[in-house]
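A structural walkthrough
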Amino acid sequence: MVFMAVNFADKAVLGLVADPIRDDLHLSGTRFGAMAGAFYLLFSLSSLGVGFLGDRLRARPLLAALVVVWSAAQLAVLAPAAGFGLLVATRVVLGAGEGPAFPLANHTVFTWYPVERRSLPSALISVGGAAGAILGGPLILAVTGTLGWRAAFGVLGLAGVLWLPLWLRRGAEGPYSAREKPEESPRVPYRRVLLTGTWLGGTFASFAVMWSLALGLTWIPTYLKDDAGFSDAAVSGVIGLPSVVGIVFVLVTGTLAQRLIRRGVSHRAAQGLLGAAVAAVAGVCMLGMTRVGPVALMLPLLAVAFSAGGAQAPLTNAALARVCPPGQRGAALGASYAVAATASVLAPVVTGVLVDNSGFSAAFDLAAGLLLAGGAVAALTVRPERDAVAPVVPVAPEPAAA
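Note that the structure is a prediction, hence the values are computed from the model and not measured. (Residues numbered from 1 in each chain as written. Predicted model: local features only at pLDDT ≥ 70, side-chain atom pairs only at ≥ 80, totals over all residues. Heavy atoms only, no water.)

**Side note on helix α2 (residues 18-25)**
Buried residues of α2: Ala18, Asp19, Ile21, Arg22 and Leu25, and no others. Summarising the axial view, the buried residues of α2 lie within an arc of 165°, below the 170-degree limit, and thus occupy one face. Residues of α2 that are buried in the fold lie against α1 (2-16), α3 (29-38), α6 (84-98), α9 (149-170) and α11 (197-227). His26 occupies a position one or two residues after α2 and carries a positive phi of about 60°. (Buried < 20%, exposed > 50% of the residue type's maximum accessible area, 1.4 Å probe, protein only. Helix = DSSP H or I, 4+ residues; strand = E, 2+ residues; numbered from the N terminus. Arc of directions from axis to C-beta. Contact = heavy atoms within 4.5 Å.)

What follows is the structure, given as structure tokens:
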């Protein structure tokens, strides 16, 4: 959870200091969007590559190596001469280090829990990311206001440095790792996993969610100040609102999915349909966000639009883990995240072009359409029981409460 908190704060920093950077470096919206998109240039490739490594190497050195890369990239921005070129380069390196983080964190946590108890732990990993936005947002803005925007990057680099010795001392894989019980992890051709409806549909839904999240990370602070008329102080107060609401969505859906499965409800209903529903809710709220006048209505819609979809990811990861053998789980999760993360390359740039030419409403409507389509596809295709390529010991349903 702490690993993901640092990870998410690292992603959010560029959007939070967008105006000082654009003013200092004289960047247009399109050029800033291109710089933001550079974060995702190697994001997918590293997610895919490290996903395969996760099936072969232990989690402790892998996660430690990722954090070393994050910290080095963030600390480099402290150089007074750091300009547009260096920022682009550090964002590329940061993205390469952070791309594998979410799937690898889930893969590692899944080694501690049996298949019927993974929805909530996966949700808690997402809660860590939301906590990073809630705690990191005000901290980043406070540091920026006091010491300048470069110092904000340095503080996040230091956070990674502080996390590292704690992980090296306490981090490990659990008893459900394929390395612990190799006889229970038969291998199958990867195409059997990657061509299932669960993998394809869940990955497309994740693509839609990641589009909206990348848009929010990069452009929401600018939207609130330039389009909605919020002051810097007001932005600081509300920037963490989607993350707070997101924590509620993630915990409620994760807990509900886990209880439903343990009571005998299908994984399709508990993970596929529930994940589809939260993505659709996010899409509807995003459509309404720019069509209401009062701030009292706009802010709740904004909070749900950029948070509800995040509850889909842990449910999809748990469904994918149900489909594939444990010894190939890291690669399957990494490959799904790699494909979905291409949305994060496109969203900041496309949004920058739309903002420069058509305004924020067009950008939000595009993201809303993707969320609604992702929800519909997931509802039809995410069927873990049908698509499982390795046998799983069934879990007896819990007796109903008297």
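Back to the text.
**Looking at the nonpolar core**
Core analysis: the biggest nonpolar cluster contains 87 residues, and Phe3, Ile21, Phe153, Leu224, Phe306 and Phe364 have the highest contact counts within it. Each of domain 1 (1-171) and domain 2 (186-389) contributes no fewer than three residues to this core. (Core = buried A, V, L, I, M, F, W, Y, C linked by side-chain atoms within 4.5 Å. Domains from an automatic or database assignment.)

**What to know about the layout of surface pockets**
Gaps left between atoms are located by rolling a probe of water-molecule size over the structure's atoms. Of the volumes computed, that of the second largest pocket is approximately 390 Å³. Contributing elements (two or more residues each) for the lining of the second largest pocket: α1, α7 (101-110) and α9. The element contributing the most residues to the lining of the second largest pocket is α9, with four residues. Residue composition of the lining of the second largest pocket, by class: 13 nonpolar, two polar and one charged. (1 Å grid on protein atoms, 1.4 Å probe; cavity = no way out; pocket = protein on both sides within 12 Å on 5 of 7 lines; lining within 4 Å. Points joined across faces, edges and corners; volume = space filled by probe spheres on them. Nonpolar A, V, L, I, M, F, W, Y, C, P; charged D, E, K, R; others polar.)

**Topic: empty space enclosed by the protein**
Under the defined criterion, the tally for this structure stands at five cavities of 30 Å³ or more. Within this model, the largest cavity holds a volume of roughly 800 Å³. Around the largest cavity, the lining comprises 44 residues; the ones closest to its centre are Phe8, Leu213, Leu217, Phe306 and Gly310. Only α1, α8 (119-147), α11, α13 (241-262), α16 (312-323) and α17 (329-340) provide two or more residues apiece to the lining of the largest cavity. If one sorts the elements of the lining of the largest cavity by residue count, α11 sits on top with nine residues. Counted by class, the lining of the largest cavity contains 27 nonpolar, 16 polar and one charged residues.

**Here we look at the environment of Thr351**
Following the sequence through the fold, Thr351 ends up in helix α18 (residues 342-357). Residue classification places Thr351 among the buried residues on the basis of a relative accessible area of 1%. As for Thr351 and Arg60, which are separated by 291 residues in sequence, their C-alpha atoms are 37 Å apart. Not counting the four nearest positions on each side in its chain, Thr351 is found in contact with Leu215, Trp219 and Ala363. Of note is the side chain of Thr351, whose polar atom sits 2.7 Å from the backbone oxygen of Ala347. (Polar contact = N/O pair within 3.5 Å; in protein donor to acceptor, adjacent residues only side chain to side chain.)

**What about the packing of α3 against α6?**
It is at 7 Å that the axes of α3 and α6 come closest, and there the two elements cross at 35°. Taken together, the residues of α6 that come into contact with α3 (itself represented by Arg31, Met35 and Ala38) are Phe84, Leu87, Val88, Arg91 and Val92. Here the contact of α3 with α6 is built from residues that sort into six nonpolar, no polar and two charged. (Axes fitted to C-alpha atoms, helices over the stretch in contact; angles between N-to-C directions.)

**Structural notes on the domain arrangement of the protein**
Interfaces are frequently sized by the accessible area removed from exposure as the parts join. On domain assignment, one finds that the protein holds domain 1 (1-171) and domain 2 (186-389). A separation of 19 Å is found between the C-alpha centroids of domain 1 and domain 2. On the domain 1 side of the interface with domain 2, the three residues burying the most area are Tyr40, Asp55 and Ser119, jointly 13% of the side's total. Viewed at the interface, domain 2 and domain 1 are joined by two salt bridges. A salt bridge links Asp19 to Lys225; the shortest N-O distance between them is 3.0 Å. Viewed at the interface, domain 2 and domain 1 are joined by seven residue pairs in polar contact (both at pLDDT 80 or more). Contributions of two or more residues to the side of domain 1 that touches domain 2 are made by α1, α2, α3, α4 (43-54), α7 and α8. If you tally residues by element for the side of domain 1 that touches domain 2, the top one is α8, at 15 residues. Each residue belonging to the side of domain 1 that touches domain 2 can be placed in one class, and the counts come to 27 nonpolar, 16 polar and eight charged. (Buried area = accessible area lost by both parts, 1.4 Å probe. Salt bridge = Lys/Arg side-chain N within 4 Å of Asp/Glu carboxyl O.)

**Observations concerning a nonpolar patch on the surface**
A contiguous nonpolar surface patch, about 430 Å² in accessible area, is contributed by Leu75, Leu78, Leu158, Val161 and Leu162. Per-element accounting of the nonpolar patch gives the leading share, three residues, to α9. Within the fold, Leu158 resides in helix α9. Leu158 sits in the partly exposed class, given a relative accessible area of 47%. (Patch = residues over 30% accessible without salt bridge, like charges linked within 9 Å, V, L, I, M, F, W, Y side chains within 5 Å. Areas by Shrake-Rupley, 256 points an atom, 1.4 Å probe, with all protein chains shown as cover.)

**What about the pattern of salt bridges?**
Evaluated as defined, the whole model comprises five salt bridges. Residue Arg262 pairs with Glu116 through a salt bridge whose shortest N-O separation is 3.9 Å. Residue Arg262 is found in helix α13, and its partner Glu116 is found in the loop between α7 and α8; the two are separated by 146 residues along the sequence. The pair formed by Arg262 and Glu116 is uniform in burial state, with each residue classed as buried. Between Asp365 and Arg291 there is a salt bridge, with its nearest N and O atoms 2.9 Å apart. Within this pair, whereas Asp365 is found in helix α19 (residues 360-381), its partner Arg291 is found in the loop between α14 (267-289) and α15 (295-305), the two being separated by 74 residues in sequence. Residue classification places Asp365 among the partly exposed residues on the basis of a relative accessible area of 25%.

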